[in-house]
Amino acid sequence: MNFFKAGLWIAVLAPLLAAAPGQPGFEELQKRNKNVAEVYDRKEELIKMRCRSLEIPDDSFGNILIRVFKAEALLEVWVQKPDGKYVEFNEYKIYATSGRLGPKREEGDMQVPEGYYYIRDFKPNSNYYMALGINYPNQSDEILSDAEHKGEDIYIHGNHVSAGCMAMSNYYIEDIYICAVKARNYGQQQIPVEIFPFRPTIVNFAYFNQFLDCKPYERFWKNLAEGYNFFEKHQYPPDVSVDTNGKYIFTDPKATQATK
């Protein structure tokens, strides 16, 4: 069962939806929004300077990967370089989350989800300044939760307050939003967002497994760690799918391409 099944229509329609010659691209359309235009005026040159320092061409911003670590209250943005490897673009403090460690399983539990998601929504005029919505609940959430109402509308946004979302400062969400716009503009239809309870190292597993309220999630968290370890080893993200039990399956995209 493919984890991204719900978003496959985007990939199928992408060539049809791509801007025709003379038609505005995604970035230009976003910049027609007053809020986005003002952010670009303030931040675009800083973004370009950061790209140059990382040897990322200004005119071909690569795919990005967003990683979130709840316990550490950190969000990372990684950008793909021309050689295919990803480099950390920046690290941002998360100002507010809600709930505790562990996945989101139902509406109203105030939990921030944990798992492998992608950006499904750009909101330049959110009630929380600017916002990027993720595709919660994903296929794993649908299988692992028996709640009738699993919740929805989970965002990375500004305005410092959270009810199941990842709340950044307005200054930080501007950077993250621009990176996501640029990646989409250059063809990335699904921007991965990986959300972990903590950085899944051996030391952290030993520490958090001391707590009784963490023990029920040990198997789930070790499954999440498989994808984390793949990225740490290869410096590019794995392809992600979900089996019939809700477990994430990680495969090397290069191996998949080699068999085609």
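In this text the structure is predicted, and so the values were computed from the model without any measurement.

Caption draft 1: Representation of the pairing of strand β3 (residues 86-93) within the structure. Across 7 bridges, the pairing between strand β2 (residues 74-80) and β3 is antiparallel. When the bridges of β3 are listed, V79 appears paired with V87. Following β2, the chain reverses through 5 residues before pairing antiparallel with β3; G84 in that reversal takes a positive phi of roughly 95 degrees.

Caption draft 2: Quick look at the environment of C51. When you line up the elements, C51 lands in helix α3 (residues 34-53). Each C-alpha atom, one on C51 and one on F89, is 7.7 Å from the other, the two residues being 38 residues apart in sequence. Not counting residues up to four positions away in its chain, the partners in contact with C51 are I56, D58, F61 and F89.

Caption draft 3: Structural view of the sheet that holds strand β6 (residues 155-157). Reading across the sheet, the 8 strands line up as β3-β2-β1-β8-β4-β5-β6-β7 and stay open at both edges, with mixed pairing between neighbours. Of all the strands in the sheet, the pair left with one neighbour each is β3 and β7 (166-167). Bridge count between strand β5 (residues 129-134) and β6: 3 bridges; the pairing is antiparallel. Across the sheet, residue L132 finds its bridge partner in β6, namely I156. This element, helix α5 (residues 170-185), spans β1 (64-69), β2, β3, β4 (115-126), β5 and β6 of the sheet and lies at about 55 degrees to β5. Taken strand by strand, helix α7 (residues 218-234) contacts β1, β2, β3, β4 and β8 (192-196), and its axis lies near 130 degrees from that of β1.

Caption draft 4: Just unusual backbone geometry, in detail. Put simply, Y136 and P137 share a cis peptide bond, and its omega is -5 degrees. Mapping P137 onto the fold places it in the loop between β5 and α4 (139-144). For D153, which is not a glycine, the phi torsion comes out positive at approximately 55 degrees. Mapping D153 onto the fold places it in the loop between α4 and β6. Look at D153 and you get partly exposed, because its relative accessible area is 43%. Phi at N159 is positive, roughly 80 degrees, even though this residue is not glycine.

Caption draft 5: Fine view of the state of the cysteines. Per the counting criterion, the structure on display carries 0 disulfides. Its sulfur unpaired, C179 is 6.9 Å from the next cysteine sulfur, which belongs to C51.

Caption draft 6: How the structure looks around the pairing of strand β10 (residues 248-251). Only one face of β10 is buried, namely the one carrying Y248 and F250, since none of I249 and T251 on the opposite face is buried. Relative to β10, strand β9 (residues 239-242) runs antiparallel, the two sharing 4 bridges. Paired with S241 across the two strands is I249, which belongs to β10.

Caption draft 7: Representation of the packing of α3 against α5 in the model. At a minimum axis separation of 10 Å, α3 and α5 run at an interaxial angle of 85 degrees. The orientation of α3 relative to α5 falls into the category roughly perpendicular. Along the contact surface, α3 presents V36, V39, Y40, R42, K43, E44, L46 and I47, while α5 presents Y171, E174, D175, Y177, I178, C179, V181 and K182. Broken down by class, the residue content of the contact of α3 with α5 amounts to 10 nonpolar, no polar and 6 charged.

Caption draft 8: View of a nonpolar patch on the surface. Together, L46, M49 and Y171 line one region of the surface with nonpolar side chains, adding up to about 320 Å² of accessible area. Along the chain, L46 falls in helix α3. With relative accessibility at 45%, the residue L46 sits in the partly exposed group.

Caption draft 9: Just α7, in detail. Taking 1.5 Å of rise per residue, 17 residues should cover 24 Å, and α7 covers 24 Å from first to last C-alpha, within 8% of that figure. Here α7 has its buried residues at F220, W221, N223, L224, A225, G227, Y228, F230 and F231. In the segment just after α7, Q235 is the residue with positive phi, at about 65 degrees.

Caption draft 10: Inspection of the pattern of salt bridges at higher detail. Summed over the entire model, instances satisfying the criterion amount to 20 salt bridges. Across the pair K43 and E174 runs a salt bridge, and its minimum N-O distance is 3.0 Å. Separated by 131 residues along the polypeptide, K43 in helix α3 and E174 in helix α5 bring together distant segments of the chain. In this structure, D141 engages R105 in a salt bridge whose closest nitrogen and oxygen atoms are separated by 3.2 Å. Taken together, the positions of D141 in helix α4 and R105 in the loop between β3 and β4 put the pair 36 residues apart, joining distant regions of the chain. Overlapping salt bridges, with partners in common, bring together E27, K31, E44 and K182 in one network.

The rules behind each value
- Residues numbered from 1 in each chain as written.
- Predicted model: local features only at pLDDT ≥ 70, side-chain atom pairs only at ≥ 80, totals over all residues.
- Heavy atoms only, no water.
- Pairing = 2+ DSSP bridges.
- Helix = DSSP H or I, 4+ residues; strand = E, 2+ residues; numbered from the N terminus.
- Contact = heavy atoms within 4.5 Å.
- Axes fitted to C-alpha atoms, helices over the stretch in contact; angles between N-to-C directions.
- Buried < 20%, exposed > 50% of the residue type's maximum accessible area, 1.4 Å probe, protein only.
- Disulfide = S-S within 2.5 Å.
- Parallel < 35°, antiparallel > 145°, perpendicular 65-115°, else oblique.
- Nonpolar A, V, L, I, M, F, W, Y, C, P; charged D, E, K, R; others polar.
- Patch = residues over 30% accessible without salt bridge, like charges linked within 9 Å, V, L, I, M, F, W, Y side chains within 5 Å.
- Areas by Shrake-Rupley, 256 points an atom, 1.4 Å probe, with all protein chains shown as cover.
- Salt bridge = Lys/Arg side-chain N within 4 Å of Asp/Glu carboxyl O.
- Expected span 1.5 Å × (residues − 1).

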